[in-house]
Amino acid sequence: MKKKAALFSLTILLLFLATGLTACNERNRIFRYGYWEYIVVGKESRIPKNKNDSVIAVVGLTESGAEQLALDVPSAINGTEVAYLGFEKYDIAINYYTLTSRNLLRLYIPENILSIKPYVFESLSAPDAKTIYNGAAEPSVHFSSSPEIYVYRELYEKIKSKHADCLDEEGSTDCPSCPWILETFVPANVAFMNNYSAAVNRGYFRAEDVESGEKIPEPPAPEREGYVFTGWYTEAEAINLWDFDTKTEIPDGEELRLYAGWKKL
Ligand SMILES: [Zn+2]
């Protein structure tokens, strides 16, 4: 009788462990698209609640992705919006996806990514790897990010002043992002302006950051309906074309702005 009872409790225990672990273990299927590995998640949960509740989390690089020196995270894959960079592997947030590359020097993040998950950049191991966020609003970060994230100088100033008063005298705060927000974001020293509408991404097209004596990488050509793009200029009036062979010297704390030139079709 004792043996039976023991066996019974053991069975229950095993059943409990098996179902419990399977529930935690339910993984998202990893898909591949060009340079990217991605999963489909819900807008507010790891597993989509229904067909309409799907957004994409970019969670890794394919072999060819890991060979690239510069990459633009896509804003959509097969028509589904990319909303997250990185993600939790399980519901218990102890294990995260990471982008892994020894070669990548620049990772450009589009404005529609509103949440950058912990550890996603941890395995970008090129010594000068830079991650650059191209949105004009503060994305949510839940942990100190390494490497840091470059943002437009205007956004950096906004983030800095928004969180300046969060900490009280004891250094504690109710603000969930405060402990790491100021060490995560750094101001970028180059801004490409779309030069036609302040309503589109607050007038920005792309942020960039260069060291002293480095050339500014040429961004992909912007698009505007009814116009042809004519190049990047040093002033909004589009008079002097920027030469991308120029090695730049941008004084500390300053920003170089380049403006898109447009010709009406
Ligand atoms: Zn804060």
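Now for a look at the structure at hand. Please read these numbers as outputs of a predicted model, since none were measured by experiment. (Residues numbered from 1 in each chain as written. Predicted model: local features only at pLDDT ≥ 70, side-chain atom pairs only at ≥ 80, totals over all residues. Heavy atoms only, no water.)

### Considerations on unusual backbone geometry
So, step 1. With a phi angle near 50°, Asn201 is a residue other than glycine that sits in the positive phi range.
So, step 2. With respect to the helices, strands and loops of the structure, Asn201 is situated in the loop between strand S13 (190-193) and strand S14 (204-208).
So, step 3. On the basis of relative accessibility, which here comes to 11%, the residue Asn201 falls in the buried class.
So, step 4. Unlike most non-glycine residues, Arg202 shows phi in positive territory, near 55°.
So, step 5. Looking at where Arg202 falls in the secondary structure, it is placed in the loop between S13 and S14.
So, step 6. Given a relative accessible area of 41%, Arg202 falls into the partly exposed group. (Helix = DSSP H or I, 4+ residues; strand = E, 2+ residues; numbered from the N terminus. Buried < 20%, exposed > 50% of the residue type's maximum accessible area, 1.4 Å probe, protein only.)

### Brief notes about the nonpolar core
So, step 1. By size, the foremost hydrophobic cluster in this structure holds 42 residues, and its most contacted members are Val58, Leu85, Leu107, Ile116 and Phe121.
So, step 2. Lining this core are residues from two domains, each supplying at least three of them: domain 1 (27-188) and domain 2 (189-265).
So, step 3. Residues within four places of Ile116 in sequence aside, it is in contact with Leu85, Ile109, Phe121, Pro139, Ser140, Val141, His142 and Ile149.
So, step 4. One finds Val190, Ile216, Leu258 and Trp262 within the second-largest nonpolar core, a separate group that totals 11 residues. (Core = buried A, V, L, I, M, F, W, Y, C linked by side-chain atoms within 4.5 Å. Domains from an automatic or database assignment. Contact = heavy atoms within 4.5 Å.)

### Concerning the pairing of strand S3 (residues 55-61)
So, step 1. Among the seven residues of S3, seven are classified as buried, and the element is accordingly described as predominantly covered.
So, step 2. Relative to S3, strand S2 (residues 36-41) runs antiparallel, the two being bridged by six bridges. Its bridge partner being in S3, Val41 is matched across the sheet by Val55.
So, step 3. Bridging between S3 and strand S6 (residues 80-85) involves three bridges; their strand directions are parallel. (Pairing = 2+ DSSP bridges.)

### Some words on the sheet that holds strand S15 (residues 227-233)
So, step 1. Strand order in the open sheet made by the four strands is S14-S13-S16-S15, with mixed pairing throughout. With partners counted over all chains shown, the strands left at the sheet margins are S14 and S15, one partner each. Ignoring which end each strand starts from, the neighbouring axes of this sheet average 20° apart.
So, step 2. Where S13 and S14 come together, four bridges link them in antiparallel fashion. Bridge pairing links Ala191 to Ala207 in S14. (Axes fitted to C-alpha atoms, helices over the stretch in contact; angles between N-to-C directions.)

### Details of the side chain of Asn134
So, step 1. Looking at the element boundaries, Asn134 is found in the loop between strand S9 (130-133) and strand S10 (140-141).
So, step 2. Here Ala207 takes part through its backbone nitrogen, which lies 2.6 Å from a polar atom of the side chain of Asn134.
So, step 3. Each residue touching Asn134, except ones within four places of it in the same chain, is listed here: Tyr108, Ile109, Glu111, Tyr152, Asn201, Phe205, Arg206 and Ala207. (Polar contact = N/O pair within 3.5 Å; in protein donor to acceptor, adjacent residues only side chain to side chain.)

### A look at the side chain of Asp209
So, step 1. Residue position: Asp209 is located in the loop between S14 and S15.
So, step 2. The exposure class assigned to Asp209 is buried, which follows from its relative accessible area of 5%.
So, step 3. A distance of 2.8 Å separates a polar atom in the side chain of Asp209 from a polar atom in the side chain of Lys130.
So, step 4. Of the polar contacts made by the side chain of Asp209, one reaches the backbone nitrogen of Asn189; its length is 3.0 Å.

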